[in-house]
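In case you want the letters, here they are:
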Amino acid sequence: GCAYSKLTPQGVFLERLGITDRARALAAGLEGAALASLIAAHRRLTHPTEMGNLFKVLGLTPVHIAPPPGLNA
């Protein structure tokens, strides 16, 4: 048997895993073009009008195992 999580948008999944906190930590040491590139990459991965809603995440697990981090059963 196999259990599955709800289909979760990529942006929501990454936010649950802490992508914004990680981006902020990385941004603290950046400036100029490097900072702009980080901000653009974060937006591209998480924003609903970009990849954040375009891609979905689905977790498959054995029936007695909790869903992976970032996913709801």
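In short, a report on the structure. Since the structure is predicted, the reported quantities are computational estimates derived from the model, not experimental observations.

**Points about the pattern of salt bridges**
Two side chains bearing opposite charge may form a pair once their charged atoms approach each other closely.
Then comes step 1: Enumeration over the complete set of coordinates arrives at 2 salt bridges.
Then comes step 2: Its salt-bridge partner being Asp21, residue Arg24 comes within 3.8 Å of it at the nearest N-O pair. Taken together, the residues span about one helical turn, with Arg24 and Asp21 both in helix H2 (residues 19-27) at a distance of 3 residues.
Then comes step 3: With a relative accessible area of 54%, Asp21 lands in the exposed category.
Then comes step 4: Residue Glu50 is joined to Arg43 by a salt bridge in which the shortest nitrogen-to-oxygen separation is 3.2 Å.
Then comes step 5: Overall, Glu50 belongs to the partly exposed group, its relative accessible area being 31%.
Then comes step 6: The partly exposed category is assigned to Arg43, whose relative accessible area is 41%.

**Considering the environment of Leu17**
Then comes step 1: Mapped onto the elements, Leu17 comes out in the loop between helix H1 (10-16) and H2.
Then comes step 2: Remark: the alpha-carbon pair of Leu17 and Gly70, spanning 53 residues in sequence, is separated by 5.6 Å.

Conventions and cut-offs
Residues numbered from 1 in each chain as written. Predicted model: local features only at pLDDT ≥ 70, side-chain atom pairs only at ≥ 80, totals over all residues. Heavy atoms only, no water. Salt bridge = Lys/Arg side-chain N within 4 Å of Asp/Glu carboxyl O. Helix = DSSP H or I, 4+ residues; strand = E, 2+ residues; numbered from the N terminus. Buried < 20%, exposed > 50% of the residue type's maximum accessible area, 1.4 Å probe, protein only.

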